[in-house]
Amino acid sequence: MDNEPHAYIAALRNSHGRLASLIEAMSEEQLTGQSYDTDWTVAQVLSHLGSGAEIAMLMLEATLAGQPMDRAVMGPIWDTWNAKTPQQQAADCLPADDAHIKRLEGLTDAELAGISFHVFGMTLDAPGLIRLRLSEHAVHTWDVAVVVDPEAVVAPGAVELLVPQLTFLAERTGLTEAGPLRVRLRGTHPGVDLLLDVSDKVTLVPWPAGGAETDGEIATSTEGLLRLAYGRHDPAHTPPVRVTGPADLLDRTRAVFPGI
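Residue numbers restart at each chain and count upward from 1, following the sequence in its written direction. The predicted origin of the model limits local features to residues at a pLDDT of at least 70 and limits the giving and counting of side-chain atom pairs to 80 or more, whereas totals for whole chains, interfaces and linings rest on all residues. Only heavy atoms go into the side-chain values, all of them from the structure, while hydrogens and water stay out.

A. A look at the overall build of the protein. Along its length, the protein carries 11 helices and seven strands. Within the protein, contacts between residues separated by at least 24 positions form 70% of all contacts whose residues are at least 6 apart in sequence. Each accessible area is a Shrake-Rupley result for a 1.4 Å probe, and residues are judged covered by the shown protein chains and nothing else. A total of about 11,900 Å² of accessible surface is found on the protein, and carbon and sulfur atoms cover 55% of it. Looking at the protein, you have 18 positive and 35 negative side-chain charges, and the mean spots of the two groups are 4 Å apart. A run of H or I in DSSP counts as a helix once it spans at least four residues, and a run of E counts as a strand once it spans at least two, with each numbered from the N terminus. It only takes one pair of heavy atoms within 4.5 Å for two residues to be counted as in contact. The charge count treats Lys and Arg as positive and Asp and Glu as negative. His and the chain ends do not count. Charged side chains are reduced to one point each, which is NZ for Lys, CZ for Arg, CG for Asp and CD for Glu.

Put into structure tokens, the structure is as follows:
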């Protein structure tokens, strides 16, 4: 997978453009109606992306200054966005998002190379830091897109760059209660071949060269695997999939990933 920071910035810019087109075409009823996320309207998804852009900007400025980000500022930012009307949330989302992306686009190669941000027990370089925002942006843009097009997919350019997130999501959000379970997950465009193991912990690793015993196999697009890992793979929004194994294998695998 491309680990060049400019590729992530370009994908983030493309996701911004897609989101802008969606917002422009939305009716008032759609804006205040249900998004894919059962807890949020479309406007609330846009509020989340807008507040996320402001927080991402603070994270970026902190790491460029070599300082930790003051997490106490996050609550007031969320409160400010939550207090906006749906119309304000939609109108303010794109400018905040654009400001963050422009800041990324203006960084020099030396500034990008010097990024080192500590979060979630990890130290992220520039691609890792930008990938966090891209994963949030591309998936929540899909949450909006699917309202107007049930066949919508996560942007292909983002999918390829977000493959490394699959392991992170499995380990951080996977539910051990869904196990024991071992499944081979195979994806196309781009090609991936993974082993999901649910026992006392959840792991997702490259398929071992010597093979492994499993409960079965799920083969689909890598975009489908990405949505599976993000909890966005319900029966009404399932891309073509081939399941080898028990009849309930897909449902059991879905149950591993509660979504974020």
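B. Layout of unusual backbone geometry. Backbone torsion omega between Gly179 and Pro180 reads 0 degrees, so that peptide bond is classified as cis. Among the structural elements, Pro180 can be located in the loop between helix 9 (165-173) and strand 3 (181-188). Even without being a glycine, His189 presents a positive backbone phi close to 60 degrees. Mapping His189 onto the fold places it in the loop between strand 3 and strand 4 (192-198). Whether a residue is buried, partly exposed or exposed follows from its accessible area with a 1.4 Å probe, protein chains only, as a fraction of its type maximum: under 20%, in between, or over 50%, in that order. Judged by relative accessible area, His189 falls into the exposed class, the value being 72%.

C. Structural context of the environment of Val148. By the secondary structure assignment, Val148 is in helix 7 (residues 126-148). Excluding residues within four positions of it along the chain, Val148 makes contact with Leu22, Met26 and Gln30.

D. Representation of the pattern of salt bridges in the model. Salt bridges, as used here, are contacts in which a Lys or Arg side-chain nitrogen is within 4 Å of a carboxyl oxygen on Asp or Glu. Under the definition given, this model contains 14 salt bridges. Its salt-bridge partner being Arg103, residue Glu61 comes within 2.7 Å of it at the nearest N-O pair. On the criterion of sequence distance, the pair formed by Glu61 in helix 3 (residues 42-64) and Arg103 in helix 5 (residues 86-105) is long-range, its members being 42 residues apart. Each of Arg13, Asp98, Lys102 and Glu105 takes part in one network of salt bridges that share partners.

E. Local environment of the pairing of strand 4. The buried fraction of strand 4 is high, at five of seven residues. When strand 3 meets strand 4, the two strands line up antiparallel, connected through seven bridges. In the sheet register, Leu181 faces strand 4, and the bridge partner there is Val198. Strands qualify as paired when DSSP identifies two bridges or more between them. Between the antiparallel neighbours strand 3 and strand 4 lie three residues, among them His189 with a positive phi of about 60 degrees. Between strand 4 and the antiparallel strand that follows it, strand 5 (residues 202-206), lie three residues.

F. Fine view of the packing of aromatic side chains. Put simply, two rings from Phe, Tyr or Trp (the six-membered ring, in Trp's case) pair if the centres are within 6.5 Å, and we call them stacked under 30 degrees between planes, edge-to-face over 60, tilted for the rest. Under the counting rule described, the total for this entry stands at one aromatic pair. Above the face of the Trp207 ring, Arg184 is positioned so that its terminal group lies 4.1 Å from the ring centre. Note on criteria: charge over ring means Lys NZ or Arg CZ within 6 Å of the ring centre, with the direction from the centre no more than 35 degrees off the ring normal.

G. Representation of the packing of helix 1 (residues 5-25) against helix 7 within the structure. Structural elements are reduced to axes, namely lines fitted to C-alpha atoms, with helices fitted over the stretch in contact, and the angle between N-to-C directions of any two is expressed from 0 to 180 degrees. For the pair helix 1 and helix 7, the least separation of the axes is 9 Å and the interaxial angle reads 20 degrees. Classed by the angle they form, the pair helix 1 and helix 7 counts as roughly parallel. The interaxial crossing formed by helix 1 with helix 7 has left-handed handedness. Residues Pro5, Tyr8, Ile9, Ala11, Leu12, Ser15, His16, Arg18, Leu19 and Leu22 of helix 1 lie in contact with helix 7, whose contacting residues are Ala126, Pro127, Ile130, Arg131, Arg133, Leu134, His137, Ala138, Thr141, Val144, Ala145 and Val148. Nonpolar residues are Ala, Val, Leu, Ile, Met, Phe, Trp, Tyr, Cys and Pro. Charged residues are Asp, Glu, Lys and Arg, and all others, Gly as well, are polar. Of the residues belonging to the contact of helix 1 with helix 7, the class tally is 15 nonpolar, four polar and three charged. Angles below 35 degrees are treated as roughly parallel, those above 145 as roughly antiparallel, those between 65 and 115 as roughly perpendicular, and all remaining angles as oblique. Each crossing gets its hand from how the near helix is turned against the far one by less than a right angle, where anticlockwise is left-handed and clockwise is right-handed.

H. How the structure looks around the nonpolar core. By size, the foremost hydrophobic cluster in this structure holds 77 residues, and its most contacted members are Leu46, Leu134, Leu185, Leu196 and Val256. It is helix 7 that contributes the most residues to this core, 11 residues altogether. Beyond its immediate chain neighbours, meaning those up to four positions away, Leu134 contacts Tyr8, Ala11, Leu12, Ala158, Leu161 and Leu162. Definition used in this section: a nonpolar core is a set of buried Ala, Val, Leu, Ile, Met, Phe, Trp, Tyr and Cys residues joined via side-chain atoms within 4.5 Å.

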